[in-house]
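# Structural description and commentary
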Protein chains: 6
Amino acid sequence: MNDLEESIARVIAGPERKSRMISEKEKLTIAYHEMGHALVGTTLEHTDPVHKVTIVSRGQALGWTMSLPIEDRYLVSKAELVDQLAQILGGRCAEDLILGEDNITTGASDDIRKATNLARKMVTEWGMSDKLGPLTFGERPEMVFLGRDLGEQRNYSEGIASEIDQEVHQLVADAFQRAKKVLRDREHVLRALASRLVEVETMDAPEMKRIIDEAEARNGAASSNGSGPVADAPPPPPDPEAVPPAEAAAGA
Amino acid sequence: MNDLEESIARVIAGPERKSRMISEKEKLTIAYHEMGHALVGTTLEHTDPVHKVTIVSRGQALGWTMSLPIEDRYLVSKAELVDQLAQILGGRCAEDLILGEDNITTGASDDIRKATNLARKMVTEWGMSDKLGPLTFGERPEMVFLGRDLGEQRNYSEGIASEIDQEVHQLVADAFQRAKKVLRDREHVLRALASRLVEVETMDAPEMKRIIDEAEARNGAASSNGSGPVADAPPPPPDPEAVPPAEAAAGA
Amino acid sequence: MNDLEESIARVIAGPERKSRMISEKEKLTIAYHEMGHALVGTTLEHTDPVHKVTIVSRGQALGWTMSLPIEDRYLVSKAELVDQLAQILGGRCAEDLILGEDNITTGASDDIRKATNLARKMVTEWGMSDKLGPLTFGERPEMVFLGRDLGEQRNYSEGIASEIDQEVHQLVADAFQRAKKVLRDREHVLRALASRLVEVETMDAPEMKRIIDEAEARNGAASSNGSGPVADAPPPPPDPEAVPPAEAAAGA
Amino acid sequence: MNDLEESIARVIAGPERKSRMISEKEKLTIAYHEMGHALVGTTLEHTDPVHKVTIVSRGQALGWTMSLPIEDRYLVSKAELVDQLAQILGGRCAEDLILGEDNITTGASDDIRKATNLARKMVTEWGMSDKLGPLTFGERPEMVFLGRDLGEQRNYSEGIASEIDQEVHQLVADAFQRAKKVLRDREHVLRALASRLVEVETMDAPEMKRIIDEAEARNGAASSNGSGPVADAPPPPPDPEAVPPAEAAAGA
Amino acid sequence: MNDLEESIARVIAGPERKSRMISEKEKLTIAYHEMGHALVGTTLEHTDPVHKVTIVSRGQALGWTMSLPIEDRYLVSKAELVDQLAQILGGRCAEDLILGEDNITTGASDDIRKATNLARKMVTEWGMSDKLGPLTFGERPEMVFLGRDLGEQRNYSEGIASEIDQEVHQLVADAFQRAKKVLRDREHVLRALASRLVEVETMDAPEMKRIIDEAEARNGAASSNGSGPVADAPPPPPDPEAVPPAEAAAGA
Amino acid sequence: MNDLEESIARVIAGPERKSRMISEKEKLTIAYHEMGHALVGTTLEHTDPVHKVTIVSRGQALGWTMSLPIEDRYLVSKAELVDQLAQILGGRCAEDLILGEDNITTGASDDIRKATNLARKMVTEWGMSDKLGPLTFGERPEMVFLGRDLGEQRNYSEGIASEIDQEVHQLVADAFQRAKKVLRDREHVLRALASRLVEVETMDAPEMKRIIDEAEARNGAASSNGSGPVADAPPPPPDPEAVPPAEAAAGA
């Protein structure tokens, strides 16, 4: 990472913490989590391109995936938001799919808060629910003397509150299913990426692409050899030639 | 725009931001959005005349439509409010109609907040709902020491809260349908106006009128040639003679 | 208006604003609105006598009707409150009856707030609802350090809240119907009064009485000529002899 | 009234306001109201003896009834509270009975607030409702820095809130019926007392007793002459011998 | 009472108020109330031994019963809490049983608040309700700058609120029934104790025991003479030999 | 305990309080409570190893169980949380199982608060409820000027509140059942451990292991001799050779 990237990452997420001793088991969980974000982000149509993925801690984060937009944007479409939701949930989804429900962790709490808030805004501020229509719901009075927001103030009935909850739940549940479909369809790729990430700790876009292509090729070959599901295929062996990037980068 | 207009616009919306780099795709979305406001405003009976439409950013706004009343007014009638609601929702409605639901954007959040607040006032402060009658609902205690309003305080039952929600929803839904009818009936005009706005960035009332007349004429001719729907007719080619106004103007 | 009257009016409602340019259409609306108050007040039994009516703006008000009690009073009876409610709603009621529902305006918002608060007090503070009985509902804790009231604090169940809402609604709806009956029965008088008020801008009690008597006489004659309803009778021509009072007076 | 009595009355209710010009109609209403309190208080078993009744204004009060306990008391029994409730409601009840429901006034608002609060305490603080049992309901957090109470804080479910409302309503409704029974049974006495009070303005216990005895005697005679109800019997003529007390006294 | 006892009592309940003039009727009520606490406390298994009972006022209290644990305790069991509840309600229960429901007084308000709070804690803080299980309900945010607690903040649904109410009600109702059973079964003892307390004003444990034994003996004899219920047996005559203790003691 | 251990324990839980006089009965209750935590923690798969158990008071705690993780951890899995819940509830569960429901104590209030909060976070912050999905529920606005949290602010409907309550209840109830199964299956071990703890007051991991092994051996022998349940088997006699550790250690 060059000086500029390092500066940006430091400002957004805090200093790198290479000294943290993280167990191998946790590293693997983090790698699957981050690659869940990255692979969903790479696969879906309306997400920003993934730039870097890392499992080197920085500030509070144990790992992150950095996605960068290609150009400045002032508007976000519903299609983009729906794909963003899926990418945000891709981390937890990968843990669930690969490690099993018992092994999902508290590490996804930030993601699910972000996803919930985003889905809630789609419904209550951006008028993106067909059922509730182009209306806003709730007020956010500002308390100047506190310098902070006191949370949403409900100005609607219990019936609307319940419809909002259902719509928000539906958006999140749909996004989780979309993430799951992506990760299940490309499970061999996910395993290859995560395996590699444990070794190299930080991966940039070209490296990701190389590993994806290799995995797809291997899988295509494997698939042509038989008709069974590929979900249980072992992770590809680590690629000894891959050179770990010098520094980790910031991400979601 | 003369100096006086520029001054007013600067006070209301902030300085122009010609330097913002907005992608072609976003420009088109903004053009449809603004022309949605403008065409609904021009078509309906009780709205103020549209003065200028622009997609040059100013302050927070990516574009705007300036409507000016013909004379000072102290009273607003229910008929005027209902048309205002439709005009406010015309922007999102145009995005939805032309670009499809997946491409509606976060850009309408201000509009739908305005529409919701207006419809809510009609029901809870101005006694304009037949069902709820000439009563007010809710108190707004002022917190002097904060210098701000703490949001509405509910002083009615859940049953009334639910009726208010239904009436507000109905007003907004009806207004959206009225906007949609206007824009669907005149879709070829909307396309012609938006196409042109992308080129010239700012359009005043006479220019709008000219383009509308041309589009109507072309469409009349086209319609007389066949019986199919005109909704899918391609936008008219940009008019090379149109001179872009020197400066953009303030609007809704 | 003599100096004393002017002083009182100035203290209550602020300075006269003869300079406000109000359109003819709005003047007519305001005239019907004020004469709605005045005619209901004049017709019902338990209201204070109407003293003056004006459509000259003063402070925030676009027009007003001044009613004065004959003697000091310390108690207000239910019968008086019920007539007061009808008088307060007479303005909006006249707009609705003469101009049609589409042309009711935001100008009645103060009236309907007053009516709602009055009806609410009858039910929750003065024990005037048979259904809810001689009890009070709600507390109004004072926040001394704010110097203001924080709105009612509910100390009753949702069931009671709903009954209160129904009783308040019923009181207001009944009062609106009583106002409507008065105005419909005397529609020719209302039209005559409003027509005249547009011309003279301010009218005192004797002048009102003269116009009412004339209109009644004309209508009696007209009625004796046929059996059709008089509701659609054209307003009487303005009376050229009437002298406009020199100054406008304060009112409800 | 001696100097001590005057001092006490002044401290409790403020200075006498003999200068207030109260209409004859209002005086009669006030007299019935106060004698409603006094007669219920005199008739029921567990109330304190009535000491004086007056319609001379003092501070905010337009009239009052002074009841004094015979000895110091530290405990109040349910039977006493139930009779107190009836006495408090006796004022409004007399207005309703004699003047008719249309003529009940805003003057009872303090009484019904007191009655509601008392009944509420019986149910929520003193465990006197069989249905709700010996429990307390609600907390009253003190805000020291405000020096005031912020109203009850609900710590129970909506179901309990509804039961509390029903029990409080029942207590008040029963008390009103008890007051009504007393006043209806002794309507001739009430009329005699109120008539006399309008003349003398202030009445002490011996005077009250004399008038009650006379009215009972007259009524006994009248009743023995026929079998019809006495409710509509005209008030007895004022007694010219009665000497008005020099000064008015404090009361409920 | 020795100096140490007096000091403790003074700190807990304030100075003795021998000068308060309390009527004989109230003294009897207080005596039954206190002996209700004391007899339930003496009869049930898991309560602390009763040390002294008094009807000499001290601070706010009109009388009290002092129970002292035999040894320091750090844990309180469900069985102990259930018996404590019954003892707390024993005062009101005795009033109800002996004097009749009409004569229950406001004097029990502290007891029923204590009982409600205790039962509520059993359910919401100590996990002692089978139905609600080993969970806590509600948060108590501290407002440091106020130096006080703002009451419980509900963090559960209406359904749970209702279950809590039912469980709390059940605990209190059961405890009241247990107290009632104790007092009804030993009504002759209760009458003997209260009678004696009115005379001597303060009673210690040995004196209580002596009177209980005498009453039981008398009752045993009386019972053996017939089969009728003993509930209506007259109170035993006061024992002239009993020496009133020099000073009153602190209690519940 | 060495100096370092003592320092840590002092910081976490406060100074040791050997001087507290705790009755034998309470000591036994505390011993069962702590060994309930310790045995569940030792038996389940995903808990941290138990390091020490003590019934020597320290600060507010009457006893504690110290569990230490083997390595630093940054993520906690659902399986670990579920086992943690069972360990937290193991104390109350042991009281209930061995001493009977009547003898459960207030000593578990901290445990059940911890368990409730943990289960609540699993459902509302960590997305670990299948029914509610990967969403967060509730906001925690910070009041900077207070320096504290004001409790959760509900931003969801009553329906969701009820589902949250059910899920939280289910998690706690399941954990309690798991703890109960462990303790019932190993009741002879629990009795042996608690008996010994009463004597030695503090026990470390090797000592615990020795007693568990002995009890299992004895029980194996006993079981092989008959088929009856072992639940009522008497506690093993205290082991005279066991040396009580010099100092007590910190724990949950």
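The structure contained in this document is the topic of the report that follows. Computed from a predicted structure; not experimentally measured. (Residues numbered from 1 in each chain as written. Chains lettered and ligands numbered in written order. Predicted model: local features only at pLDDT ≥ 70, side-chain atom pairs only at ≥ 80, totals over all residues. Heavy atoms only, no water.)

## Here we look at empty space enclosed by the protein
Counted only if it meets this: Every definition here rests on a 1 Å grid over the protein atoms only: cavities are sets of points where a 1.4 Å probe fits but cannot get out, pockets are open sets enclosed by protein on both sides within 12 Å along at least five of seven lines, and lining residues have some atom within 4 Å of a point. Grid points are joined across faces, edges and corners, and a volume is the space filled by probe spheres set on the points. For helices the rule is a DSSP run of H or I covering at least 4 residues; for strands it is a run of E covering at least 2, with both sets numbered from the N terminus onward. Gly falls in the polar group here, along with every residue not listed as nonpolar (Ala, Val, Leu, Ile, Met, Phe, Trp, Tyr, Cys, Pro) or charged (Asp, Glu, Lys, Arg).
Applying the stated criterion across every chain yields a total of 8 cavities of 30 Å³ or more. A volume near 140 Å³ is recorded for the largest cavity. As for the largest cavity, its lining consists of 14 residues, and the residues nearest its centre are T136(A), F137(A), N155(A), T116(B) and R120(B). In terms of residues, the lining of the largest cavity owes the most to one element, helix α4 (residues 109-124) of chain B, which gives 4 residues. Counted by class, the lining of the largest cavity contains 5 nonpolar, 6 polar and 3 charged residues. Considered as a void within the structure, the second largest cavity measures approximately 110 Å³ in volume. If you trace the second largest cavity, you find it lined by L135(C), T136(C), F137(C), G138(C), N155(C), Y156(C), I160(C), T116(D), R120(D), D165(D), V168(D) and H169(D). The element contributing the most residues to the lining of the second largest cavity is helix α5 (residues 158-185) of chain D, with 3 residues. Looking at the lining of the second largest cavity, its residues break down into 5 nonpolar, 5 polar and 2 charged.

## Notes on the interface of chain C and chain B
Note: interface size is frequently given as the accessible area lost on complex formation between the parts. Applicable threshold: Contact definition: two residues touch when any of their heavy atoms are within 4.5 Å. By buried area we mean the combined loss of accessible area, with a 1.4 Å probe, across both parts when two parts are placed together. Any Lys or Arg side-chain nitrogen located within 4 Å of an Asp or Glu carboxyl oxygen qualifies as a salt bridge. Between N or O atoms, a polar contact is any pair within 3.5 Å; within protein, one atom must be a potential hydrogen donor and the other a potential acceptor, and residues adjacent in sequence are included only when both atoms are from side chains.
Tallying the contact residues gives 40 residues for chain C and 35 residues for chain B. Both sides together, the interface formed by chain C and chain B hides about 3,100 Å², and carbon and sulfur atoms give 56% of it. On inspection of chain C and its partner chain B, the count reaches 1 salt bridge. Of the charged contacts, one joins K78(B) and E101(C) as a salt bridge, the two residues approaching to 2.3 Å between their closest N and O atoms. Where chain C meets chain B, there are 15 residue pairs in polar contact (both at pLDDT 80 or more). Secondary-structure elements contributing two or more residues to the side of chain C that touches chain B are α2 (24-43), α3 (78-99), α4 (109-124), β4 (148-149) and α5 (158-185) of chain C. The biggest single contributor to the side of chain C that touches chain B is α5(C), with 8 residues. Residue composition of the side of chain C that touches chain B, grouped by class: 14 nonpolar, 11 polar and 15 charged.

## Remarks on the pattern of salt bridges
Under the counting rule described, the total for this entry stands at 93 salt bridges over all chains. Its salt-bridge partner being E216(D), residue R186(D) comes within 2.6 Å of it at the nearest N-O pair. Taken together, the residues R186(D) in the loop between α5 and α6 (187-200) and E216(D) in helix α7 (residues 205-225) connect sequence positions 30 residues apart. One salt-bridge network, held together by shared partners, links R196(A), E199(A), E207(A), R210(A) and E214(A).

## Things to note about the sheet that holds strand β5 (residues 202-204) of chain A
Residues and elements named next belong to chain A. Rules: Between any two strands, pairing holds if DSSP finds at least two bridges. To get an axis, fit a line to the C-alpha atoms, keeping to the stretch in contact for a helix; angles then go from 0 to 180 degrees between the N-to-C directions.
Read across the open sheet, the 3 strands follow the order β2-β1-β5; overall the sheet is antiparallel. The sheet terminates laterally at β2 (64-67) and β5, the two strands that pair on one side only. The average undirected angle you get between the axes of adjacent strands in this sheet is 15 degrees. Sheet topology note: the strand β1 (residues 50-54)/β5 ladder contains 3 bridges and is antiparallel. If you follow T54 over to β5, its bridge partner there is T202. Packed onto the sheet, helix α6 (residues 187-200) meets β1 and β5 and runs at close to 120 degrees relative to β5.

## Brief notes about unusual backbone geometry
All names here are of chain B. Applied cut-off: Burial classes follow relative accessibility: with a 1.4 Å probe on protein chains only, a residue under 20% of its type's maximum area counts as buried, one over 50% as exposed, and anything between as partly exposed.
Look at E201: it is not a glycine, yet its phi comes out positive at around 70 degrees. Turning to its location among the elements, E201 is positioned in the loop between α6 (187-200) and β5 (202-204). A relative accessible area of 23% means that E201 is categorised as partly exposed.

## Describing the relation of the copies chain C and chain B
Rule in force here: Copy-to-copy alignment: least squares on C-alpha atoms, limited to residues at pLDDT 70 or above in both.
It takes a turn of 60 degrees to lay chain C on chain B, together with a shift of 0.1 Å along the axis; the resulting RMSD is 0.1 Å. What the rotation and shift describe, once combined, is the action of a six-fold rotation axis. Judged by C-alpha distance, E158(C) is the residue of chain C that lies nearest the rotation axis, at 7.1 Å. A different interface surface on each copy is seen, since only 5% of the contact residues of chain C are contact residues in chain B too.

## Describing the interface of chain E and chain F
Residue-level contacts link 35 residues of chain E with 40 residues of chain F. Of the roughly 3,100 Å² buried at the junction of chain E and chain F (both faces included), carbon and sulfur atoms supply 56%. Contact with chain F buries area across many residues of chain E, yet Y74(E), L75(E) and P134(E) alone supply 23% of it, more than any other trio. Linking chain E with chain F are 1 salt bridge, by the criterion used here. Connecting chain E to chain F are 14 residue pairs in polar contact (both at pLDDT 80 or more). Counting residues per element, the ones that place at least two in the side of chain E that touches chain F are α3 (78-99), β3 (142-143) and α5 (158-185) of chain E. For the side of chain E that touches chain F, the leading source of residues is α3(E), giving 4 residues. When the residues that make up the side of chain E that touches chain F are grouped by side-chain class, the tally is 16 nonpolar, 8 polar and 11 charged.

Without other data, these values stay purely geometric and don't point to any function.
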